[in-house]
Amino acid sequence: MNYKIALIRGDGIGPEVVGEAVKVMETVGTKFGHSFEFTDVMMGGCAIDAVGKSYPDGTAEKCRACDAVLLGAVGGPKWGHSSDPDQRPETALLSIRKDLGLYANLRPAALRPAMAGACPLKKETAEKGIDLMIVRELTGGVYFGKRERYETADRGIEAADRMAYSEMEIERIGRRAFELARMRSKKVASVDKANVLESSRLWREVMHRLAAEYPDVEYREMFVDNCAMQICKDPAQFDVIVTENMFGDILSDEAAQITGSLGMLASASLDDGVSLFGPSAGSAPDIAGLGVANPLAQILSVAMLLTYALDMGEQAAWIESAVARVLDEGWRTRDIADVNTPADKILGTTTMGDKVVAAL
Ligand code: NAD
């Protein structure tokens, strides 16, 4: 089979880590008799420099012509200070989510045995294990609601952002979460702020209806402030967490942090058509061009791409076990090394990519 993959290398470390992911895909292709045809799609700060806008015309069409999109990261301190949305890299991220209808963001956070020392939680908490998946609604809520600024008579300027959710939006993300839980440990926690927000009260009503359709999945609901606390206190209690856009944004970064390895966390943004895959972290401008970025999140994003976009679970598992083997052998990039890591075990971006290819 021949698969078309859109590559958005982006800014900062994006091009460096995407290069390693491409090496891994080519190795998978050779082993399993597939070919991957890559189409470069420019987006983000590099597009502002080249054509004057972060989301060039035709970006979504180029992506839709492919089977899946692999994204590095976009953004950096060089851009984003303008009030013109075209001049901000984040505009490109929001636009592509909207144009491709990427309503479901899957952010796994798992503590790998070889990385247990990197977990900032108490040893006994870490030992219980962390393997949770945050399913974040990605195209609704306050990030996409109406934004306004207006003068008030006595309080100066006021700003407002509208947070709205429809039954349809809640139901489709809820279904994703329940279906995903069936492939995992069959537990869903729905997170909201129903004691305060009307949109959360509707969220809860729809989730209740859905839960009745999935009696084999253990369901519970939780306020977002409690969930933030529970993720630190006892993350082993969670399997799938489903929540709205802004809560998911915050909780998924928290969950990433407790695994102690931001450079290793992949993510998927799914639609029923073309989906997008890439690291949870950003473009890491502080280390761009130094050749020290950890490529594992990008490589593990390839595993998610194979699973969710191309239905290649076997090939994805092959990549995941190659990454586990490299880590078990003690190889580290700088960000995941600790004081006990021997200097000759610390690799750069390309040498880490080579190790994974060798393990494959
Ligand atoms: P960041 O995630 O880029 O970096 C946070 C810290 O983690 C930095 O110290 C960085 O060096 C480190 N880090 C991240 N990825 C790493 C890797 N693969 N290997 C080693 N270390 C790694 O967060 P930030 O600095 O807040 O954001 C930088 C830019 O990225 C901003 O412009 C932001 O808007 C953008 N961003 C883009 C995306 C995306 O494109 N999907 C996501 C988040 C942030």
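Residues numbered from 1 in each chain as written. Predicted model: local features only at pLDDT ≥ 70, side-chain atom pairs only at ≥ 80, totals over all residues. Heavy atoms only, no water.

Student: Tell me what's going on with the overall build of the protein chain, and back it up with residues and numbers.
Tutor: Scanning the protein chain from N- to C-terminus turns up 12 helices and 14 strands. For 360 residues, the compact-globule estimate of 2.2 N^0.38 gives 21 Å, and the C-alpha radius of gyration of the protein chain, at 20 Å, lies within 12% of that figure. Seen through its principal axes, the protein chain has C-alpha atoms that stretch 65 × 50 × 45 Å. In the protein chain, which comprises 360 residues, the proportion classed as buried is 51%. Nonlocal contacts in the protein chain, meaning residues at least 24 apart in sequence, comprise 75% of its contacts between residues at least 6 apart. When the accessible area of the protein chain is evaluated, it comes to approximately 15,800 Å², of which 52% is carbon and sulfur surface. (Helix = DSSP H or I, 4+ residues; strand = E, 2+ residues; numbered from the N terminus. Rg over C-alpha atoms; globule rule 2.2 N^0.38 Å. Buried < 20%, exposed > 50% of the residue type's maximum accessible area, 1.4 Å probe, protein only. Contact = heavy atoms within 4.5 Å. Areas by Shrake-Rupley, 256 points an atom, 1.4 Å probe, with all protein chains shown as cover.)

Student: How would you sum up the packing of aromatic side chains? Please name residues and give values.
Tutor: For the structure shown, the criterion picks out 6 aromatic pairs. Where Phe178 meets Tyr214, the ring centres are 4.8 Å apart and the plane angle is 10 degrees; that geometry is what we call stacked. Taken together, the residues Phe178 in helix H6 (residues 167-183) and Tyr214 in the loop between helix H7 (198-213) and strand E9 (218-223) connect sequence positions 36 residues apart. Overall, Phe178 belongs to the buried group, its relative accessible area being 0%. Put simply, the rings of Tyr3, Phe36 and Phe38 touch in pairs and so form one group of aromatic residues. For Arg172, the ring lying beneath its charged end belongs to Tyr103, and the centroid distance is 4.2 Å. (Phe/Tyr/Trp six-rings, centres within 6.5 Å; stacked < 30°, edge-to-face > 60°. Lys NZ or Arg CZ within 6 Å of the ring centre and 35° of its normal.)

Student: Talk me through the site of the ligand; I want residue IDs and the actual numbers.
Tutor: Val74, Glu90, Gly282, Ala284 and Asn294 are the nearest of the 19 residues found near the ligand. Side-chain polar atom of Glu90 to an oxygen atom of the ligand: 2.8 Å apart, as the coordinates give it. Within the backbone of Ser283, a nitrogen or oxygen atom sits 3.1 Å from an oxygen atom of the ligand. Burial of the ligand by the protein chains amounts to 66% of its free accessible area of 820 Å². (Near = heavy atom within 4 Å. Polar contact = N/O pair within 3.5 Å; in protein donor to acceptor, adjacent residues only side chain to side chain.)

Student: A description of the nonpolar core should follow, citing residues and the corresponding values.
Tutor: With 64 residues, the main nonpolar core has Ile5, Leu106, Val135, Leu296, Leu305, Leu306 and Ile319 as its most contacted residues. Top contributing element to this core by residue count: helix H10 (residues 296-308), with 8 residues. Not counting residues within four places of it along the chain, the set of residues in contact with Leu305 comprises Ile5, Met25, Ala68, Val69, Leu70, Phe277 and Leu310. Formed by 20 residues, the second largest nonpolar core is a distinct cluster that contains Leu111, Cys119, Val191 and Cys227. (Core = buried A, V, L, I, M, F, W, Y, C linked by side-chain atoms within 4.5 Å.)

Student: Run through the pattern of salt bridges, naming residues and quoting values.
Tutor: Applying the stated rule across the entire model yields 25 salt bridges. Lys78 is paired through a salt bridge with Asp49; the nearest N and O atoms lie 2.7 Å apart. Taken together, the residues Lys78 in the loop between strand E3 (68-73) and helix H4 (89-99) and Asp49 in helix H2 (residues 45-51) connect sequence positions 29 residues apart. Overall, Asp49 belongs to the partly exposed group, its relative accessible area being 45%. Taken together, the shared-partner salt bridges in this structure form one network comprising Glu20, Lys23 and Asp354. (Salt bridge = Lys/Arg side-chain N within 4 Å of Asp/Glu carboxyl O.)

Student: Please provide a residue-by-residue account of the pairing of strand E1 (residues 2-10), values included.
Tutor: Here E1 runs beside strand E2 (residues 35-40); their pairing, made up of 6 bridges, is parallel. Bridge pairing in E2 links Ala6 to Thr39. Note that the unit made of E1, helix H1 (residues 14-32) and E2 has a crossover that is right-handed. Looking at chain direction, E1 and E3 are connected through 5 bridges and run parallel. Residue Gly10 lies in a different strand from E3, and its bridge partner there is Ala73. (Pairing = 2+ DSSP bridges. Right-handed = clockwise from strand over helix to strand, strands pointing away.)

Student: Break down the state of the cysteines for me, with residues and values.
Tutor: As enumerated under the stated definition, the model contains 0 disulfides in all. The closest cysteine sulfur to the non-disulfide-bonded Cys66 is located on Cys63, 6.7 Å from its own sulfur. On the basis of relative accessible area, Cys66 is assigned to the buried category, the value being 6%. Note on Cys227: no disulfide assigned, nearest cysteine sulfur contributed by Cys232 at a separation of 10.0 Å. Here Cys227 falls in the buried class, since its relative accessible area comes to 0%. (Disulfide = S-S within 2.5 Å.)

Student: Go over the sheet that holds E9, please, and point to the residues and values.
Tutor: Read across the sheet, 10 strands follow the order E2-E1-E3-E12-E11-E4-E5-E10-E8-E9 without closing on themselves; strand pairing throughout is mixed. The open sheet has two free edges, formed respectively by E2 and E9, since each of these has just one partner strand. Across the sheet, the mean angle separating the axes of adjacent strands is 25 degrees when strand polarity is ignored. Most of the contacts of H7 go to E9, to which it runs at about 170 degrees, and overall it touches strand E5 (131-137), strand E8 (187-192), E9 and strand E10 (240-243). Contacts from H10 reach E1, E2, E3, strand E4 (104-110), E5, strand E11 (266-270) and strand E12 (276-279), with the element oriented near 155 degrees to E12. (Axes fitted to C-alpha atoms, helices over the stretch in contact; angles between N-to-C directions.)

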